Amino acid sequence: MPSPNQTPKAVPIPPAGSALILLKINGVDRSLSIDPRTSLLDVLREHLSLTGPKKGCNQGACGACTVLMDGQRVLSCLSLAVQLEGREITTIEGIANGELHPLQAAFIEHDGFQCGYCTPGQICSAIGMFQEFQNGLPSAVTGDMAAATIEFSDTEIKERMSGNLCRCGAYVGICEAIHSAFDREVAK
Amino acid sequence: MSVLQKLMETVVQFMPDKAPDPLIHKHGYLGTPVSRVDGQRKVKGEARFTAEFEIENLAYAVPVCSTIAKGRIISIDAYDAERSPGVIAIVTAENAPKMKRPPLMDVRHMDKGFAASDLAVLQDDKISWDGQPVAVVVAETLEQAEHAASLVRVEYDEKAARVSFEDLKAEATVPSAVMGEDPELEIGNAQKAFAAAAFKVDNLYRTPHYNHNAIEPHAAIAAWDEDGRLTVFDSTQFVNGCKHALAGMFGLDGDDVRVIAPFVGGGFGGKAALWNHTALCAAAAKVANRPVKMALSREDVFRLIGGRTPSEQRVALGADKEGKFAAIIHTGVTATTTHAKFPEQFSLTPRHLYASRTMSVGQKVVNLDTVANTWMRAPGESIGTFALESAIDELAYAMKIDPVELRRLNEPERDPTKGTEFSSRHLVEAYRRGAEKFGWSGRPAEPCSQRDGKWLIGQGVATAYYPVFRFPAAVRLRIAADGSALVQAAANEMGMGTATVQIQHAADRLGLPLEMVSFRYGDSDLPDSPIIAGGSSQTGSIAAAVQVAVEKAHRELVKLAGNGSPLAGANVEIEARDGGLFLSGEGNKGETYASILKRAGRDFIEVEETSGMPFEVMKYSMASYGAQFCKARVNRESGEVRISRWLGSFDCGRILNPKTAVSQLRGGIVMGIGMALAEETLLDTRRGRIMNPSLAEYHVPVHLDVPHIEIIYNDIPDEHTPLGAHGVGEIGITGAAAAIANAIFHATGKRIRDLPITLGKLL
Amino acid sequence: MKSFAYARAADLETAVQLLSKTPNAKLLGGGTNLVDLMRENIEQPDALVDVTGLPLDRIQERPDGGLVIGATVRNTAVAVHPVVRDRYPLLAQAIVFGASGQIRNMATVAGNLMQRTRCLYFYDHAARCNKRAPGAGCDAIGGFNRMHAILGASDSCIATHPSDMCVALAALNAKVKVVGPNGERTIAFEDFHRLPEDTPHIETDLQPGELITGIEIPPLGFARRSLYRKIRDRASYAFALVSVAAALEVDNGKVRNIRLALGGVAHKPWRATEAERVLAGANAGPESFRQAAEAELAPARGLAHNDFKIELAKRTIVGVLGELAGG
């Protein structure tokens, strides 16, 4: 048992083993020396002050940490940063240049959030989801897996977004926001 | 109830009403769907939550939790942990600073703050629940702290724990009070009236443990300065409560603790009280002698932070041939711990909803060796309405009467148990409008009569109910020479839209455009008062204080304007509009705030005011009401349930911001869907250990579980509440589970009285 | 999470060498399961060999109409592949019924095969578990066992395999291609995962130093008419209570060809050979579907909380076959 008068150690012990990685985050090359145990999420939040991606469960069950990796939505909590050399990461902070992304604006308009904690993950996820939809990826509610076209319906959106939990229950607003931001592109 | 309390309640009946707020009927920003003022920051990921503040020299703390439910620690072997890379300190009972026991909640002493459990952990070797922190590891990085925590070995002397609600409920006893009310109440001879009733139902309803599972896990950052003052960033619904409770624990003056919480990532009651981790974070910062962050893992949240108690409720209803209630009997048991002492108030619901010739309500509570139970969205009413509103549905089928009609028949004229007048109750109107919009009359009366392929379809309805609370609140108001206003209150934002609606309010009351008003909150250094984001009370509490602060500011401004002002000696009413004060009905006769202040050579004026005691809540029966309509589809083959339609028709006074209010109401309903169909915290009664401490295994609703939810509201102002409004944060969950259970019965003919209604129960 | 050494393998040979020469090494693909388990201290490798750079990320059509899917192909890439969607819809469907969009973008095909059970007691260090600590005992048997096995369980372990994709692969008679210190070999899908017996910690037929290089899916013309159905505790994003993968060919009202596999019911994806036997040549109608389901589930044993899964499995089989038969 530690002694009652234990004093803190003055000099920090460096992490056991560290790795150098180069990541491209929101268009900027970042060279980092990290403990290989560090997740992409913790690299972003604790090392790069990019706190937009959120830690909701750290176990791949809530989607709050969703970022885009080479354009695809992934969970940054389950990604070991050491594995991501050379990958392009886009976080909520990088999805728009100055102005709001149309989906961000739609989230405000349709009140697609309350506390705002799951919001960055919802938005990044929806952007990735829409890309998947356009690639022709079917979902669990797409009846015919071989269908040439899939309707961009409420049910499709909700199924594809189900990996992003919102405990405030803003799902109705989120779904409306996604429709309003992407419907026009679907029609093209 | 104490004699004093009874006396007070009698006295307030003779107190005159406060004059209704003139803003109630004025059309301004209030009542319009203003988008959230913090929306941009939230969608850009710029809103900073507790764990996200950058503090120099920050160390990371991780708790080590007990794996037994009762007993004592024999020894803690921290040898490996201490030598693990990056470890700064390991805090145990042996080296933790002394902490006093924090107080539990007492509505009469909200100013002292409160904790969910009055145990100060790490003060001795005693274990009171599985999950209790027994050590805290502090290290340079999160990875190092987490790993070192896994190396701490604890040897226990384990004792038999009381953990099974099912086995121990028979030992439950009557608590001394339930939310300050008598725990038991009898009107007439309900047993006799029930026995003699023409129609009756009598059943047991069970609800399981639930957890809040706000997506932001609880987190704290604590830092001590050289003078022994403590600053804490804490994810809390009650910055001032947190401040006072911490000050008490560490023997500090209230002014020596500052608690900051600008954005809270959901709370639902789970962040209202002080929990152990915040005190432990402060203790760890003291031992490590540097700022420390303790951001709980999802599992830690389940182990350290309690949720909703399980309950077993009996509801027996008797009605005469005409459908009038002869007896309402609503009794039951909930669980708590010796250190939480919180009997969740399900039995308050039946006291205020329906007229009945006789009534017998009451509740008992049993102490378990588990994590402290606490408030979770509509504590009491959420589970109370499940039982009562299921029973009413059962009675309606027994009587072959429409369940909406049965409720209308028993609508009371005055509060059924207190005998007080309703301040504003239009439940029947909410039912009428809801039924019409939902198309209720087209629903076949018989169960099992609608089908779509493999899916059986049913419609259900239930009453939503949540009382009105208000607490005295202090606000500081500054009006500056540029004509802008800043409202400051130690308020809390966890998604309700606190800043937005208070800015709308202040803008209307001050006659300013929205963009000229700002709101500062989330900091205990702001005026001290018990403003809590709880009990759906915060908006009304702050609004009452803003009203008196604005009135005071206006008086001071008129004085400041002096004799040279058109306002001087005015014998008509002065009104706030166009950025200043003007004579009522006399065009531009008046002066802007900017002009008054400039003429007076002042940069600003600042006033601080506190709203009065909530006597109106004692004088009147005050509550929000609603009618929840839903359509459920049940797969005949698999028992899967899908909610395909929802309409909530609410009577919550005046709706201040339709956009944010609708979101809150929907949010409550979504949580009600989870409560009804999927959520359950699994406590293994062999060990007293929660087995599904994860969002993968505790099933909160996902996007696909939630249909479009339509919300309508009466929008009838309550003349006796600030702004004519009622809180809307909690009522949405009430009645929701019953509406679903009732719809499932209508679809399948199967009555499920045990939540959650998982598919196995419908096979 | 314990510290580990990290190495990225550029080619198969290096990967095999690193894996077999480094003590307590594990392969890292998408990380969706392994990283979670490492964070829970259930997996504590001393070294990780990253295989995502290996040239195993392609889906190739075989001349016979079948497919070879590389080990590191991401789940989404399989589900969106036109040949998979056209010839093996049950496989595409099983994948999109699993996990979430984000996880499917990360998870590899081989990782999907290697994922470990979601048993609550396996995940909890304070509980006894024969998978984590062989011989310790199983707390799930007398505990919460709603998600647990009804077929093929043992006194040592009642865990289920959580994969959806593997249920479809079982129905498709897929083969698992592996390479190890002793060269390449191919494992029939039904032999790849094991039943728990008294060694539940040994979950697959992989030998030390072996790694999966790909999955072979033989041609199966009638799989164009196939389905995957998953029953779970919420509408999406939950593990299966019961799932059914089936392909059916009916000729003149008789079953001409049938493939059937179950998920969520056993320690491995459960190929329903007994039901297939009963159905061969039988009438393609509800009675024989029910008979087949009864036959398959005859040896099923329920526990305190999962008894309902026996009936649920039967009904789901009947429902899925009914739908495929056009009823």
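Because the structure is predicted, anything quoted here is derived from the model rather than measured. (Residues numbered from 1 in each chain as written. Chains lettered and ligands numbered in written order. Predicted model: local features only at pLDDT ≥ 70, side-chain atom pairs only at ≥ 80, totals over all residues. Heavy atoms only, no water.)

**Thoughts on the sheet that holds strand β4 (residues 126-127) of chain B**
Residues and elements named next belong to chain B.
- Taken in spatial order, the three strands of this open sheet run β4-β2-β6, and their pairing is antiparallel. Edge strands, defined here as strands with exactly one partner in the open sheet, are β4 and β6 (153-158).
- Relative to β4, strand β2 (residues 71-77) is paired through two bridges, and the arrangement is antiparallel. Paired with Gly71 across the bridge in β4 is Ile127. (Pairing = 2+ DSSP bridges. Helix = DSSP H or I, 4+ residues; strand = E, 2+ residues; numbered from the N terminus.)

**Points about the domain arrangement of chain B**
Residue and element names in this part refer to chain B.
- The domain boundaries assigned to chain B delineate domain 1 (377-469 + 614-763) and domain 2 (472-613).
- Computed over C-alpha atoms, the centres of domain 1 and domain 2 are 38 Å apart.
- Opposite the 15 residues of domain 1 that make contact, domain 2 presents 17 residues.
- Regarding the contact of domain 1 and domain 2, the summed buried area is about 1,200 Å², with carbon and sulfur atoms giving 62% of it.
- Looking at the side of domain 1 facing domain 2, the largest losses of area belong to Pro614, Pro722 and Leu723, adding up to 34% of the total buried there.
- Inspection of the domain 1/domain 2 interface yields zero salt bridges.
- If you look at where domain 1 meets domain 2, you find five residue pairs in polar contact (both at pLDDT 80 or more).
- Its residues assigned to classes, the side of domain 1 that touches domain 2 comprises eight nonpolar, five polar and two charged. (Domains from an automatic or database assignment. Contact = heavy atoms within 4.5 Å. Buried area = accessible area lost by both parts, 1.4 Å probe. Salt bridge = Lys/Arg side-chain N within 4 Å of Asp/Glu carboxyl O. Polar contact = N/O pair within 3.5 Å; in protein donor to acceptor, adjacent residues only side chain to side chain. Nonpolar A, V, L, I, M, F, W, Y, C, P; charged D, E, K, R; others polar.)

**Focus on the interface of chain A and chain C**
- Every contact between the two is made by 38 residues of chain A and, on the other side, 38 residues of chain C.
- Summed over both partners, the interface of chain A with chain C buries about 3,100 Å², with 55% contributed by carbon and sulfur atoms.
- For chain A, the biggest contributors to the area lost against chain C are Leu78(A), Gln83(A) and Met145(A); these three give 23% of the whole.
- The tally of links between chain A and chain C comes to zero salt bridges.
- Within the residue set of the side of chain A that touches chain C, elements represented by two or more residues are β4 (72-75) and α3 (119-134) of chain A.
- Examining the composition of the side of chain A that touches chain C, we find that four residues originate from one element, β4(A), more than from any other.

**Overview of the packing of aromatic side chains**
- Scanning the model with the defined rule gives 24 aromatic pairs over all chains in all.
- Aromatic side chains Phe114(B) and Phe238(B) sit 5.6 Å apart centroid to centroid with 50 degrees between the ring planes, which places their arrangement in the tilted category. Pair noted here: Phe114(B) is in the loop between β3 (87-91) and β4 and Phe238(B) is in the loop between β10 (230-234) and α7 (239-250), with a separation of 124 residues, a long-range link. Of the two residues, Phe114(B) and Phe238(B), both sit in the buried class.
- Seen from their ring centres, Phe114(B) and Trp375(B) are 5.4 Å apart, and the 70 degrees between their planes marks the pair as edge-to-face. With Phe114(B) in the loop between β3 and β4 and Trp375(B) in the loop between β15 (358-367) and α11 (381-399), the pair connects residues that are 261 residues apart, well separated along the chain.
- Feature note: the residues Phe130(A), Phe133(A), Phe152(A) and Phe182(A) constitute an aromatic cluster, connected by ring pairs.
- Lying across the ring of Trp224(B), Lys286(B) places its NZ or CZ 4.2 Å from the centre. (Phe/Tyr/Trp six-rings, centres within 6.5 Å; stacked < 30°, edge-to-face > 60°. Buried < 20%, exposed > 50% of the residue type's maximum accessible area, 1.4 Å probe, protein only. Lys NZ or Arg CZ within 6 Å of the ring centre and 35° of its normal.)

**A look at the side chain of Lys309(C)**
All names here are of chain C.
- Residue position: Lys309 is located in helix α12 (residues 308-324).
- Despite its burial, Lys309 pairs with no opposite charge; the closest candidate is Asp233, at 9.0 Å N-O.
- Reaching out from Lys309, the side chain makes a polar contact with the backbone oxygen of Met147 at a distance of 3.0 Å.
- For Lys309, the residues in contact, after removing those within four places along its chain, are Arg146, Met147, His148, Ile150, Leu241, Val242 and Gly264. (Lys, Arg positive; Asp, Glu negative; His and termini not counted.)

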